[in-house]
Structures are given as C-alpha cells and as structure tokens.
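A look at the structure
Below, each chain spelled out in residue letters.
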Amino acid sequence: DAGVTQSPTHLIKTRGQHVTLRCSPISGHKSVSWYQQVLGQGPQFIFQYYEKEERGRGNFPDRFSARQFPNYSSELNVNALLLGDSALYLCASSLRGLGETQYFGPGTRLLVL
Amino acid sequence: AQTVTQSQPEMSVQEAETVTLSCTYDTSESNYYLFWYKQPPSRQMILVIRQEAYKQQNATENRFSVNFQKAAKSFSLKISDSQLGDTAMYFCAFMKNFGNEKLTFGTGTRLTIIP
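Each value, and the rule that gives it
Residues numbered from 1 in each chain as written. Chains lettered and ligands numbered in written order. Predicted model: local features only at pLDDT ≥ 70, side-chain atom pairs only at ≥ 80, totals over all residues. Heavy atoms only, no water. Salt bridge = Lys/Arg side-chain N within 4 Å of Asp/Glu carboxyl O. Helix = DSSP H or I, 4+ residues; strand = E, 2+ residues; numbered from the N terminus. Buried < 20%, exposed > 50% of the residue type's maximum accessible area, 1.4 Å probe, protein only. Phe/Tyr/Trp six-rings, centres within 6.5 Å; stacked < 30°, edge-to-face > 60°. Disulfide = S-S within 2.5 Å. Contact = heavy atoms within 4.5 Å. Buried area = accessible area lost by both parts, 1.4 Å probe. Polar contact = N/O pair within 3.5 Å; in protein donor to acceptor, adjacent residues only side chain to side chain.

1. Section: the pattern of salt bridges
Counting across every chain of the model gives 10 salt bridges over all chains. Taking the shortest distance from any N to any O, the salt bridge between Arg22(A) and Glu75(A) comes out at 3.5 Å. Of this pair, Arg22(A) sits in strand β3 (residues 19–24) while Glu75(A) sits in strand β8 (residues 74–78); the two residues are 53 residues apart in sequence, bridging distant segments of the chain. Arg22(A) sits in the partly exposed class, given a relative accessible area of 42%. Note on Glu75(A): relative accessible area 10%, which makes it buried. Note that Lys55(B) and Glu52(B) form a salt bridge whose closest N and O atoms lie 3.7 Å from each other. Through salt bridges with shared partners, a single ionic network connects Arg22(A), Arg67(A) and Glu75(A).

Next comes the structure, spelled out in structure tokens:
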C-alpha cells in the first residue's frame, strides 16, 4: 500500500507570493495533519483535519489555511509568503484522528527568496 | 501547554553498541501518548515506538525499547545492537488524549553510528 504522498517535493517562491501544498493520506485514513519543520528544529503543528472539519490549529498566522476534500486528501495554503516561511512542510495521516499514530509523508521543501 | 525537552543535541556510538537517548516532558495531563520518531537524512519521519501513559509496561519493538518513568516525566529510548541504518535525527513527541492529534516535538538528537 502507498504511504502518505506529498506534492511538490521542492518549491521556490518569492516574498509576497502564495503557495499550495498537497497531501494524500494512506488509503482508509480520515485524518490529516500539517507540520512546519524549520531547519534544525522539531516539527511544529499547523493544522489537523478530520472528516473535512478542522479539529485543531497551531500558533500560526491567518496567512496559513488548509482544507480537506471528500477523498480525505488535503491542501495547505500559505499567502503573502515571508522569508521565514522557508521550511520543510510535513503532512501526516491517521486512521480516526484521535490518539492514533500519525504516519508522515516525505515533505515539501519550500524556499522563499 | 506541553513541552518536550531533548537535552542531547548529538550523540555517536560504535556499531553494535547500545545507546540511550533522553527525553523529558512537562504536562498536567494524566492520560497521553509518547512517541519516538526517526528522521534519516532522506528526511521521511518514521515511527520508532509508541507508549500509552496508562500502560505501566514499557514498549518494545525489536532492538528499540523505552524506559517510561511517568512520575519523573521521563521517556528515554534505548537502541540495542546499533546498526549503520540507525543513523538519523531522533525526535521525542507528546500527544494529549483528547481534543486533537497535535504532536509536540522536542528539538531532536542527531545520532551517528560509527562503523
């Protein structure tokens, strides 16, 4: 079975632009979470979606938004990009979205110039 | 708010030796989950082991085992018979038992296995 997939793998943007990152969970998983991992640090929680509803939001500005589709795939959108948004963005999925083990995708490396 | 502390930024050990990675956490919750994840240079985060706080028995997965001390809020990872493929960043993570599935990660320990 395929694991969590993310696209694109790498992305270069300039300040002020917006970006859309995509994630497909493991088949049968209904929960998707997004994390930001700045170089040299542990991942920071951005969002969790379960059954298309937002279940949790981390301490990120409103420039960050996400949604989950009926097939449980998800998009993370970031508007008005800043240099500090340069990071590895990780998507994780779990079966039922509470107390479950999360399985991570390979990530999208975003560089903002 | 929960915090997770990994006090060893880097460690190295000879192949086939045993190594222990430390993790402490701070929470007022009584029910929660603890995890160790591994992130090799290829960057994909991989689950190593999981512990439920209500279980007194320490989790074990093949060469990996934990020492869970709930009162001390300590959750160390022991890797036995270390292998070159164990070279990676290791992250300790905490999850509450309610609300959402937010993982709170430590800053990681970079482990190098020396041939």
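From this point on, the discussion continues.
2. Here's the deal with the packing of aromatic side chains
Counted by the stated rule, this structure contains 15 aromatic pairs over all chains. Summarising the aromatic geometry, the rings of Phe68(B) and Phe75(B) are spaced 6.3 Å apart at their centres and angled 80° between planes, so their arrangement reads as edge-to-face. On the accessibility criterion, Phe68(B) (9% relative accessible area) is buried. Each member of the aromatic cluster is reached from another via a ring pair, and the members are Tyr35(A), Phe45(A), Phe104(A), Phe35(B), Tyr37(B), Phe91(B) and Phe105(B).

3. A word on the state of the cysteines
Here is the idea: a disulfide is a covalent bond, and it sits between the sulfur atoms of two cysteines. Enumeration according to the criterion identifies two disulfides over all chains in this entry. A sulfur-sulfur separation of 1.8 Å characterises the disulfide bridge that pairs Cys23(A) with Cys91(A). Between Cys23(A) and Cys91(A) the disulfide shows an S-S torsion of about -60°. By sign, it is left-handed. Of this pair, Cys23(A) sits in strand β3 while Cys91(A) sits in strand β9 (residues 87–94), and the two are 68 residues apart along the sequence. Classification of Cys23(A) by relative accessible area gives buried; the value is 2%. In this model Cys23(B) forms its disulfide with Cys92(B); the gap between the sulfur atoms is 2.0 Å.

4. Let's talk about the interface of chain B and chain A
Each partner contributes to the interface: chain B provides 20 residues, whereas chain A provides 27 residues. When the two sides are added together, the surface that chain B and chain A hide from each other amounts to roughly 1900 Å², 50% of it contributed by carbon and sulfur. When the buried area of chain B at its contact with chain A is split by residue, Arg43(B), Met45(B) and Glu101(B) rank highest and sum to 37% of it. At the surface where chain B touches chain A, the tally comes to zero salt bridges. Summed over the shared surface of chain B and chain A, the number is 11 residue pairs in polar contact (both at pLDDT 80 or more).

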